Amino acid sequence: MTKTASEIQEILFTHKEDLGFILGNGINLHYQKDNVSWYNLLLDLWKTHADEPMDEIPEGISFIEFYDALGLQNVTQSGFSTQLQKDVKAKMLDWQPDNAQNLILDKIKTFNAPILTTNFDDLIPKSMKLDMHRIANTSFTDHYPWATYYANNELKSPLDGFGVWYMNGMVKYHRSIKLGLSEYMGNVERARKMVNNNYGYIPNNTTNPWVANNTWIDIMFNKSLCIFGLSLDETEVFFRWLLIQRAKFFKRFPKYSHKGWYIMKSEDNNPKTIGKKFFLKSVGIEVIEVEDYPVLYEDIWK
């Protein structure tokens, strides 16, 4: 059964003090269509660097696998992986935001809640005129700029208020852009050390069992998550792994658990939806279906 915009608004209002939002490329596709399409970007890379011509991405291969297939054609070429990242950055720098998306972003800002995005582009900061910051006293690597964010003001921690954080890399730092499966595995390995370093350890400040890492990972474990605008299918290996770790932590320490919702357009005839719903339920994320995309990207945020 689908929910109305007003029913979802009630959920968000009820949990307004404990919200974090996770956005994917759906917000771009809804407001800008193919102008910021990953599909077209990957095809452009293929046409530039591959020997075999291809006018469409075939069925049965994910975007990350398609990206890896391109890399395999050039695996003996020194520095090719970095070149691909530079090419992605160059193409994204031309993308411009449609400020109509601020209907969503301004509403989220009223909650003073963080945004965590799986995108690389800087369309959200551009449309909201946000400045780049980094959490004070944190180390920096352009491979994993996980303490770097966009906001109107400096934050003491990722949980401190409205800011935009990047899960898979950000366009400003081309070496941070993670598009292939092996690169996602690098994300997992780095996050595993952070998550497991104090896993289950209760510090002296017993109001919060999580030892703050001062990165966007804190948002995953310390907020009730409203997720929308991304497919969250089986290729989202890094994000799904984080949801599993989050669920494990909450089962061990239910006192510190938070809620989660995945909002999606109803897809009753899509067999893949069954498995996705099963996974999300198992990690404590409630699936909320709406009738159509205008409800998801417009009506909820009015």
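Refer to the structure printed above.
Bear in mind the structure is a predicted one, so any value in this text is a computation, not a measurement. (Residues numbered from 1 in each chain as written. Predicted model: local features only at pLDDT ≥ 70, side-chain atom pairs only at ≥ 80, totals over all residues. Heavy atoms only, no water.)

Chemist: Looking at this model, I keep getting lost on the pairing of strand β7 (residues 260-265). Mind explaining?
Modeler: Regular strands place side chains that alternate from one sheet face to the opposite one. For β7, the tally of buried residues reaches five of six residues, placing the bulk of the element in the interior. In terms of strand pairing, strand β6 (residues 224-228) meets β7 through four bridges, oriented parallel. In the sheet register, Phe228 faces β7, and the bridge partner there is Ile263. For the segment spanning β6, helix α10 (residues 237-252) and β7, crossover handedness is right-handed. As judged from the five bridges shared by β7 and strand β8 (residues 286-290), these two strands associate in the parallel manner. (Buried < 20%, exposed > 50% of the residue type's maximum accessible area, 1.4 Å probe, protein only. Helix = DSSP H or I, 4+ residues; strand = E, 2+ residues; numbered from the N terminus. Pairing = 2+ DSSP bridges. Right-handed = clockwise from strand over helix to strand, strands pointing away.)

Chemist: Just to check I follow, could you spell out the pairing of β6 for this structure?
Modeler: Extensive coverage of β6 is indicated by the burial of five of its five residues. Burial along β6 is two-sided: the residues Ser224, Cys226 and Phe228 and Leu225 and Ile227 are all buried. Pairing of strand β1 (residues 19-23) with β6, which is carried by five bridges, proceeds in the parallel orientation. Of the residues in β6, the one forming a bridge with Ile22 is Ile227.

Chemist: Sorry, what's going on with the side chain of Asp87 here?
Modeler: With respect to the element layout, Asp87 can be found in helix α5 (residues 80-92). Among buried charged residues, Asp87 stands out as having no salt bridge; its nearest opposite-charge side chain is Lys91, 6.9 Å away. For Asp87, the contacting residues outside a window of four places in its chain are Leu45 and His49. (Lys, Arg positive; Asp, Glu negative; His and termini not counted. Salt bridge = Lys/Arg side-chain N within 4 Å of Asp/Glu carboxyl O. Contact = heavy atoms within 4.5 Å.)

Chemist: It is not clear to me how the nonpolar core should be interpreted in this structure. Could you clarify?
Modeler: One recurring pattern in soluble globular proteins is that nonpolar side chains are buried together. In this structure, Trp216, Met220, Ile227, Phe238, Phe239 and Leu243 are the most contacted members of the largest nonpolar core, which totals 42 residues. For this core, the elements supplying multiple residues, two or more each, are β4 (148-151), α8 (181-197), α9 (217-222), β6, α10, β7 and α11 (272-282). Leaving out residues up to four positions away in the same chain, Trp216 has contacts with Leu116, Trp146, Pro158, Trp165, Tyr166, Met167, Phe238 and Leu242. Of all hydrophobic cores here, the second largest spans 35 residues; its members include Ala5, Ile124, Val164 and Trp261. (Core = buried A, V, L, I, M, F, W, Y, C linked by side-chain atoms within 4.5 Å.)

Chemist: Would you take a moment to explain the packing of helix α3 (residues 38-49) against helix α4 (residues 63-73) for this structure?
Modeler: A packed helix pair is summarised by two numbers, namely the angle formed by the two axes and the spacing between the axes. Taken N-terminus to C-terminus, the directions of α3 and α4 make an angle of 10°; their axes are 10 Å apart at the nearest point. For the element pair α3 / α4, the angle class is roughly parallel. Taken together, the residues of α4 that come into contact with α3 (itself represented by Trp38, Tyr39, Leu42, Leu43, Leu45, Trp46 and His49) are Phe63, Phe66, Tyr67, Ala69, Leu70 and Gln73. When its residues are assigned to classes, the contact of α3 with α4 shows eleven nonpolar, two polar and no charged. (Axes fitted to C-alpha atoms, helices over the stretch in contact; angles between N-to-C directions. Parallel < 35°, antiparallel > 145°, perpendicular 65-115°, else oblique. Nonpolar A, V, L, I, M, F, W, Y, C, P; charged D, E, K, R; others polar.)

Chemist: Please explain the packing of α10 against α11 as it appears in this structure.
Modeler: Running from N to C, α10 and α11 cross one another at 35°; their axes reach a closest spacing of 9 Å. From α10, Arg240, Leu243 and Ile244 reach across to α11, where they touch Lys276, Phe279 and Leu280.

Chemist: Help me understand the environment of Tyr39 in this model?
Modeler: Following the sequence through the fold, Tyr39 ends up in helix α3. Separated by 17 residues in sequence, Tyr39 and Glu56 place their C-alpha atoms 8.5 Å apart. Beyond its immediate chain neighbours, meaning those up to four positions away, Tyr39 contacts Glu56, Ile57 and Phe63.

Chemist: Honestly, the pattern of salt bridges in this entry has me stumped. Any pointers?
Modeler: Side chains that differ in sign of charge can pair as their charged atoms come close. Tallying each qualifying case throughout the model produces five salt bridges. A salt bridge links Asp122 to Lys126; its shortest N-O distance comes to 3.5 Å. Relative accessible area serves as the criterion here: at 13%, Asp122 is assigned to the buried category.

Chemist: Teacher, can you tell me more about the packing of aromatic side chains here?
Modeler: Think of a pair of aromatic rings as described by two things: how far the centres are apart, and how the planes are tilted against each other in angle. Across all of its chains, the model carries 17 aromatic pairs by this definition. Seen from their ring centres, Phe21 and Trp301 are 6.0 Å apart, and the 65° between their planes marks the pair as edge-to-face. Here the residue Phe21 occupies a position in strand β1, and Trp301 occupies one in the segment after α12 (293-297), the gap between them amounting to 280 residues. When its relative accessible area of 0% is taken as the criterion, Phe21 is described as buried. When the ring of Phe228 is compared with that of Tyr297, the centres are 6.3 Å apart and the planes differ by 55°; the resulting orientation is tilted. Taken together, the residues span a long stretch of sequence, with Phe228 in strand β6 and Tyr297 in helix α12 at a distance of 69 residues. Across this residue pair, the class does not change: Phe228 and Tyr297 are buried. Among the aromatic residues, those joined into a ring-pair cluster are Phe21, Phe111, Phe228, Tyr293, Tyr297 and Trp301. (Phe/Tyr/Trp six-rings, centres within 6.5 Å; stacked < 30°, edge-to-face > 60°.)

Chemist: How should I be thinking about α11 in this particular structure?
Modeler: It helps to recall that an α-helix has 3.6 residues per turn; residues three or four apart then point in one direction. Along α11, the residues classified as buried are Thr273, Lys276, Phe279 and Leu280. Projection of α11 onto a plane perpendicular to its axis shows the buried side chains occupying an angular sector of 125°, all on one side. Residues Ile274, Phe278 and Lys281 are exposed on α11 and point more than 90 degrees away from its buried face. Looking at the packing, one finds that the buried side of α11 touches α10, β7 and β8. (Arc of directions from axis to C-beta.)

Such coordinate-based values are descriptive only and should not be taken to indicate function.
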